[in-house]
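Structure assessment
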Amino acid sequence: MFKHLEQYAGDPIFGLNDAFHRNTHPQKINLTIGLYYDDAGRIPVLPSVATVQTRLAADPAPCTYLPMEGLAAYRSAVQRVVFGEASTAVAEGRVATIQTLGGTGALKVGADLLHAAYPESQIWISDPAWDNHYAIFGGAGIPTNSYPYYDQATKGLAFDAMMECLRELPSHSIVLLHPCCHNPTGVDLSQAQWDEVIQVLQQRRLIPFLDIAYQGFGSGMDEDAYAVRAMADAGLTVLVANSFSKNLSVYGERCGGLSVVCGSSAEADLVLGQLKAIVRRIYSSPPSHGGHVVAGVLNDPELHSQWVAEVSTMRDRMAQMRGLVHEQLSTKLPDYDADYFIRQRGMFTYSGLSREQLQTLRERHGVYIIDSGRIAVPGLNTANVEHFTDALADVISVTV
Ligand code: KET
């Protein structure tokens, strides 16, 4: 019955992560996937999360179905974290928020909503992109296109080309944007650049879809949400997919949120109803345990501030690793411009390494980087960074 099916080529990120685990190199380093590791190379259990887990375990509750839209306490916490305590849009009841299966689930539910509401619309995705954006929106029946984003020559933002493209889009086109810590490049817009983007979105009547999977890993919880809040304040209709996978280190619990900022509370009610209908027909309701863990941390004022401090520690460690790589490479390869390691931010850095260099890094040095050349910075730590820069110096000196 299924012999005619195409062989799945595998996922470029998950696939290489698996290959890393099969490798036996004694000094191997995993820089493939967007997972945060601490300096000991472990995926942390954040103390704030552990506290809530202990509380939940001490008082086991029946595991019933959550509502389609998720826990109320979770949804209001999403709104406070993403839109800020002082959000006018939230206060006016203009934001419809649901608990989703990670950031991915939020993107999928949002894609289904948009395809139903605007069946003629197409989506524009940054070049380069997190590959799954193409799969999710294409899979939801929305034709996919790209807008210029990354400038190879400067290893920075191709802002003018990006704006030129946005200015030409038909009205009701969907534009996928990353408010902070762009995946895969680590290159972000400044606040002034966001303000310019907002003007074009408004003038062209475009529909922004913001994917914020790394809030707090760039500059801070509030700073990283600038684009989200500025768009909501500007009165734009905007969709926001947020993920707690990374900043709460709860990847497997599948905890995220989808928020749709609307023009009025009546419109937000309509949207919330449609979101529930979409959820009901895909997976019915979100996970209970993860929902209670996240809501438990975010709704307890003490644990909430503890969490914000834990996120700062993660952010500082990534910045420290970037600094170390930059310092060591500048000594080992004086002719190589390693500035991009400290200019780009968040979890990822876009190295521009060739397929051959990446192959050699894997085979000779056990250093695993995905084929696009995207380096997941948290795989580096004080114990392995020297091996990493030695390996880079080896493959780069061959070609410089
Ligand atoms: N958006 C972006 C931009 C993103 O990088 C990820 C995950 C997600 C959404 C998914 O979030 P989640 O809450 O796990 O559903 N990125 C990493 C892992 C992956 O590919 O799924 C990565 O790029 O390595």
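Placed above this text is the structure.
Everything quoted here is computed from the prediction, not taken from an experiment.

1. Focus on the overall build of the protein
Scanning the protein from N- to C-terminus turns up 15 helices and 13 strands. Computed over its C-alpha atoms, the radius of gyration of the protein comes to 21 Å, within 12% of the 21 Å expected for a compact globule of 400 residues. Taken over the C-alpha atoms alone, the protein extends approximately 60 × 55 × 55 Å along its principal axes. Contacts spanning at least 24 positions in sequence make up 75% of the contacts within the protein whose residues lie at least 6 apart.

2. Topic: the side chain of H387
Here H387 shows up in helix α15 (residues 385-399). Overall, the relative accessible area of 12% leaves H387 in the buried class. Reaching out from H387, the side chain makes a polar contact with the backbone oxygen of Q27 at a distance of 3.4 Å. Residue contacts for H387: discarding those within four places in its chain leaves H25, Q27, I29, H365 and V367.

3. Details of the site of the ligand
The ligand sits among 17 residues. The nearest are T104, N183, D211, Y214 and S245. One of the side-chain N or O atoms of W130 is found 3.1 Å from an oxygen atom in the ligand. Contact with the protein chains hides 94% of the accessible area of the ligand, taken as 520 Å² for the molecule alone. Among the secondary structure elements, those contributing two or more residues to the shell around the ligand are α1 (12-22) and α5 (102-117). The element that contributes the greatest number of residues to the shell around the ligand is α5, accounting for three residues. When the residues that make up the shell around the ligand are grouped by side-chain class, the tally is six nonpolar, seven polar and four charged.

4. Re the nonpolar core
L177, V197, F209 and F388 are the most contacted members of the largest nonpolar core, which has 136 residues in total. At eight residues, helix α12 (residues 301-332) tops the list of elements feeding residues into this core. In this structure, V197 is in contact with F159, M162, M163, L166, L177 and L189, ignoring residues within four places of it in sequence.

5. Here's the deal with the pairing of strand β7 (residues 174-177)
Where a strand is regular, its side chains alternate between the two sheet faces. Burial of the side chains of β7 extends over both faces: I174 and L176 are buried on one face and V175 and L177 on the other. Relative to β7, strand β3 (residues 123-127) is paired through two bridges, and the arrangement is parallel. Within β7, the residue paired with W124 across the bridge is V175. Note on the crossover from β7 through helix α8 (residues 191-204) to strand β8 (residues 207-212): the handedness is right-handed.

6. Things to note about the packing of aromatic side chains
The final tally for this structure, using the stated rule, is eleven aromatic pairs. With 6.5 Å between their ring centres and 40 degrees between their planes, Y214 and F217 make a pair best called tilted. Y214 sits in the buried class, given a relative accessible area of 7%. With centroids separated by 6.5 Å and ring planes inclined at 75 degrees, the aromatic side chains of F341 and F388 adopt a geometry described as edge-to-face. A residue pair is termed long-range when its members are at least 10 positions apart, and F341 in helix α13 (residues 340-343) and F388 in helix α15 qualify at 47 residues. When its relative accessible area of 1% is taken as the criterion, F341 is described as buried. Three or more aromatic residues link up through ring pairs in this structure, and these residues are Y36, Y214, F217 and F348.

Cut-off values and rules
Residues numbered from 1 in each chain as written. Predicted model: local features only at pLDDT ≥ 70, side-chain atom pairs only at ≥ 80, totals over all residues. Heavy atoms only, no water. Helix = DSSP H or I, 4+ residues; strand = E, 2+ residues; numbered from the N terminus. Rg over C-alpha atoms; globule rule 2.2 N^0.38 Å. Contact = heavy atoms within 4.5 Å. Buried < 20%, exposed > 50% of the residue type's maximum accessible area, 1.4 Å probe, protein only. Polar contact = N/O pair within 3.5 Å; in protein donor to acceptor, adjacent residues only side chain to side chain. Near = heavy atom within 4 Å. Areas by Shrake-Rupley, 256 points an atom, 1.4 Å probe, with all protein chains shown as cover. Nonpolar A, V, L, I, M, F, W, Y, C, P; charged D, E, K, R; others polar. Core = buried A, V, L, I, M, F, W, Y, C linked by side-chain atoms within 4.5 Å. Pairing = 2+ DSSP bridges. Right-handed = clockwise from strand over helix to strand, strands pointing away. Phe/Tyr/Trp six-rings, centres within 6.5 Å; stacked < 30°, edge-to-face > 60°.

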